Amino acid sequence: MSDPYESALTARFGTPVDLGGEAPDDPWIKAVLSRRTQRRYDARPVPEPVLRLVLAAALSASSKSDYQQASVIKVKERAQRDRLAALIPDMPWIGAAPVFLVFLGDARRLERVSRHPIDNGTLEGFFNATVDAALALQTAILAAETLGLGTCPISVLRNHIDAVGEILALPDKVFPVAGLCLGYPAQAGFVSMRLPPETTVHRDRYDEAGLAAAVADYDRRRDARHSIKDRQKSPERFGEAEFYGWSEDKARQAMTPEGTRFAGWLKAKGFDLTK
Ligand SMILES: Cc1cc2nc3c(=O)[nH]c(=O)nc-3n(C[C@H](O)[C@H](O)[C@H](O)COP(=O)(O)O)c2cc1C
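None of the values given here were measured: they were computed from a predicted structure.

**Some points on the sheet that holds strand 1 (residues 70-74)**
If you trace the 4 strands from one edge of the open sheet to the other, you get 1-2-4-3, paired in antiparallel fashion. Each of the sheet's edge strands pairs with one partner strand only, and the pair in question is strand 1 and strand 3 (150-154). Taken pair by pair, the neighbouring strands of this sheet meet at an average axis angle of 25°, ignoring direction. Where strand 1 meets strand 2 (residues 99-106), 5 bridges bridge the pair, whose relative direction is antiparallel.

**As for the packing of aromatic side chains**
Summed over all chains, the structure comprises 7 aromatic pairs. Ring plane angle 75° and centroid distance 5.5 Å describe the contact between Phe126 and Phe271, whose orientation is recorded as edge-to-face. Residue Phe126 is located in helix 7 (residues 123-146), and its partner Phe271 is located in the segment after helix 13 (262-268); the two are separated by 145 residues in the primary sequence. Of the residues examined, Phe271 reaches a relative accessible area of 4% and is grouped as buried. Consider the rings of Phe175 and Phe271, whose centres lie 5.6 Å apart with planes at 80°: the pair is edge-to-face. With Phe175 in strand 4 (residues 174-183) and Phe271 in the segment after helix 13, this residue pair connects regions lying 96 residues apart in the sequence. Here the aromatic cluster, defined as three or more aromatic residues joined through ring pairs, consists of Phe126, Phe175, Phe262, Trp265 and Phe271. Taking NZ or CZ as reference, Lys30 lies 5.8 Å from the ring centre of Tyr5, over its face. Of note, Arg220 hangs over the ring of Phe243, and the distance from its end group to the ring centre comes to 3.8 Å.

**Side note on the pairing of strand 2**
By the criterion of burial, strand 2 is predominantly enclosed, with 8 of the 8 residues buried. Here strand 2 shows no split at all, with Val99, Leu101, Phe103 and Gly105 on one side and Phe100, Val102, Leu104 and Asp106 on the other all buried. Pairing between strand 2 and strand 4: 8 bridges, direction antiparallel. Bridged to Gly105 within strand 4 is Phe175.

**Things to note about the site of the ligand**
Around the ligand, a shell composed of 14 residues is seen, among which Thr37, Arg39, Pro153, Ser155 and Arg194 lie nearest. Between Ser155 and the ligand, the recorded distance is 3.0 Å, taken from a backbone N or O atom to a nitrogen atom. A distance of 2.9 Å separates an oxygen atom of the ligand from a polar side-chain atom of Arg194. Here the ligand, which alone exposes 620 Å², has 67% of that area covered by the protein. Considering each element in turn, the shell around the ligand owes the most residues, 3 residues, to strand 3. Tallied by class, residues from the shell around the ligand come to 6 nonpolar, 3 polar and 5 charged.

Calculation rules
Residues numbered from 1 in each chain as written. Predicted model: local features only at pLDDT ≥ 70, side-chain atom pairs only at ≥ 80, totals over all residues. Heavy atoms only, no water. Pairing = 2+ DSSP bridges. Helix = DSSP H or I, 4+ residues; strand = E, 2+ residues; numbered from the N terminus. Axes fitted to C-alpha atoms, helices over the stretch in contact; angles between N-to-C directions. Phe/Tyr/Trp six-rings, centres within 6.5 Å; stacked < 30°, edge-to-face > 60°. Buried < 20%, exposed > 50% of the residue type's maximum accessible area, 1.4 Å probe, protein only. Lys NZ or Arg CZ within 6 Å of the ring centre and 35° of its normal. Near = heavy atom within 4 Å. Polar contact = N/O pair within 3.5 Å; in protein donor to acceptor, adjacent residues only side chain to side chain. Areas by Shrake-Rupley, 256 points an atom, 1.4 Å probe, with all protein chains shown as cover. Nonpolar A, V, L, I, M, F, W, Y, C, P; charged D, E, K, R; others polar.

This is how it looks when you write it as structure tokens:
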């Protein structure tokens, strides 16, 4: 019997993925395998009940210890959105998306509701709140996509943390994890090829023996589908690469530090991540 996921898996990983037998044929899983970020939206507004449904689904995500440390800001006022969008002019979808949300790690609420002297400004408190917000973000993404919307998370907000904190009036121990653009997609978009499961899923213990060869293969597969040779980052700094694949592109990207003010800002907002 043929694998109902064969084409979706090959699109996602650029190579067939052996499921090791027959798996239940599920249309939602196929949609997840084929999901993609969308940065262009048509003018159709997102109906309020749809947005509220997406948020209700997002807040149904798992939560570490049931502490419920995710919060969301719906940025409704045009002036508020414009102030955020103006910080990042090279990502015009932040201002143009029909809906813009900001997912927050909220290590504050637990302290506020407690009659006991909790210190949630530790690394553990920060990390738990981050994970809760990230799970809510991804659940919002999948819920929105299920309802025909397109989304784009926006972590570059944290590159402008002082301004973002002020615009959103963030109190101590509340921090942005990422924004989220939402709207009905204006184009089909494309499936972004992922590293193969053999590279990212380990058996019994961590094993990077085949990493270099697997990444070289992946670079080639990705290049064959969608070459970025003509979009090399910072050639004046790194030179023109003869072969320019994903790993070189990401290495160059990571050479430019991001979020350099974040640690200092968190400290000023009551976190001590050495504790
Ligand atoms: C936490 C997070 C932050 C992101 N931040 C941005 C961003 O600031 N701007 C942007 O255009 N895309 C952003 N993205 C989208 C990623 O670039 C995108 O998910 C990635 O290229 C893989 O593409 P795919 O989601 O279509 O598979 C972000 C994604 C995540 C998960």
